[in-house]
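Tertiary structure, described
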Amino acid sequence: MLTRRAFLHAAAAFTLAGEPKGSPLRAAAAQYDLVIRGGRVIDPTRRLDNIMDVAIAAGKIADVLPAGSATDAANTFDATGKIVVPGLIDIHTHARSKEMPSICLADGVTSLIDAGSQGVDRIDDVVSVAKSAPNRVRILLNIAKTGILPDGELKDISRVDVAAARRAIDRHRNFIVGVKARVSRSVAGTNDLEAVRRAQAIVEPSRLRVMVHVGDTASPLPEILALLKTGDIVTHVYSPPPHGIFDETGKVLPEVTAARRRGIRFDIGNGRTGHITWDVAEQALRQKFLPDTISSDWTDAGRKDQVFDFPNVLSKFLTLGMPIDQVIERATIQAAHTFPAFGDLGTLRVGSPADISILELRNGEFEFVDNANTPRKGTTKLFAHATVVAGKLVRRPA
Ligand SMILES: [Zn+2]
């Protein structure tokens with residue numbers, strides 16, 4: 001355990017690491033600013049699953065070494081019995097208020113996407129949340145200028161102003177990484193295909209990504225997929241019918257596997273209503289149609305119901321039988337590959353930003369629910385324990 005004094009020291013060391021090279025302060029420093037000692041390090045990018053030390057210097061991963069061998073450290077954190085993974089990346093959240101990114105950080109999430117909470121009208125609000133966040137927050141602009149409306153922001157397609165959306169992207173190029181189109185019938189009525197066409201028109205000059213929210217769409221999924229390009233993302237991939245990923249016999253549609261082959265990515269987006277059921281998830285996993293990324297679709301309401309936190313959402317996939325390294329892969333390197341803005345993340349390779357999640361995998365009896373509120377018992381569950389972001393240790397509040 002890190003003492004309060006050591007914690008303050010760690011914060012100081014982080015500041016020192018920012019000193020110019022050759023500074024006398026820096027010359028006197030230990031080899032490493034912080035060493036995460038003796039945890040079970042799982043890093044799918046290095047095919048690592050071993051008890052090791054992770055050493056950090058100047059905000060970067062300096063070394064991943066056999067446990068006990070990183071000795072020259074200004075500070076250490078004892079991760080014995082814990083799981084140490086690259087910082088978790090949640091590509092579908094709604095971080096609408098200033099406090100939310102910090103809450104996610106305490107849950108082990110070092111990078112996240114606000115997936116279309118706001119459109120052109122109030123995009124500056126989300127950008128200011130992102131700017132003040134302690135973690136890396138990037139944004140998908142809702143193609144409707146109003147952002148999310150409870151009654152469905154795309155039922156009136158005139159809410160999509162392509163030129164205004166392009167200008168918003170230009171103004172916030174460091175934060176906006178794509179656009180979001182929610183095209184379920186409850187959001188878009190019968191405007192689903194036109195909404196996706198306009199989404200593509202918005203990103204045409206910037207070449208950013210389109211994320212489409214599917215499930216119970218007016219049009220069959222293949223018609224929506226036909227409008228997507230390499231790198232675009234389908235969220236709520238395990239939505240129940242109508243117009244999910246299966247044909248009438250329960251097989252994954254050939255258009256869905258073809259879309260994956262041409263680089264369309266399929267994301268979970270757990271959320272609370274109509275986005276995932278155990279049945280659909282199991283049917284897909286049996287056919288080896290795994291998600292590319294697991295994400296929470298975390299909101300204020302979700303914090304108290306079904307979603308709770310990102311480690312809870314990841315634990316549902318352990319309960320569904322997915323091995324832990326595959327679960328971690330979908331919340332780290334696979335998520336990093338989704339957006340170029342996260343391209344340096346999701347790995348413990350030497351020289352990468354020192355974003356690290358320290359988790360606890362507890363054994364016991366745990367209950368999880370899907371969006372139909374069907375309970376499912378699990379025997380293991382992940383809990384956030386501590387997080388390192390850009391080399392700085394953040395403890396979970398008690
Ligand atoms: Zn969402």
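Predicted, not measured: the structure shown is a model, and the values here were computed from it.

1. Side note on unusual backbone geometry
Excluding glycine, residues mostly have negative phi values, and the peptide bonds linking residues are mostly trans. Omega for the peptide link from Pro 241 to Pro 242 comes to 10°, which places this bond in the cis form. Secondary-structure assignment places Pro 242 in the loop between β11 (233-235) and α9 (254-261). Unlike most non-glycine residues, Asp 216 shows phi in positive territory, near 50°. Backbone geometry places His 236, a non-glycine residue, at a positive phi of 70°.

2. Some words on the pattern of salt bridges
Applying the stated criterion to the full structure yields 16 salt bridges. Between Glu 194 and Arg 197 there is a salt bridge whose closest N-O contact spans 3.2 Å. Of this pair, Glu 194 and Arg 197 both sit in helix α7 (residues 192-203), separated by 3 residues, roughly a single helical turn. The class of Arg 197 is partly exposed, set by a relative accessible area of 43%. Its salt-bridge partner being Lys 377, residue Glu 367 comes within 3.5 Å of it at the nearest N-O pair. Here Lys 377 lies in strand β14 (residues 375-389) and Glu 367 lies in strand β13 (residues 356-369), a separation of 10 residues in the sequence. Through salt bridges with shared partners, a single network forms among Glu 194, Arg 197 and Arg 198.

Rules and cut-offs
- Residues numbered from 1 in each chain as written.
- Predicted model: local features only at pLDDT ≥ 70, side-chain atom pairs only at ≥ 80, totals over all residues.
- Heavy atoms only, no water.
- Helix = DSSP H or I, 4+ residues; strand = E, 2+ residues; numbered from the N terminus.
- Salt bridge = Lys/Arg side-chain N within 4 Å of Asp/Glu carboxyl O.
- Buried < 20%, exposed > 50% of the residue type's maximum accessible area, 1.4 Å probe, protein only.

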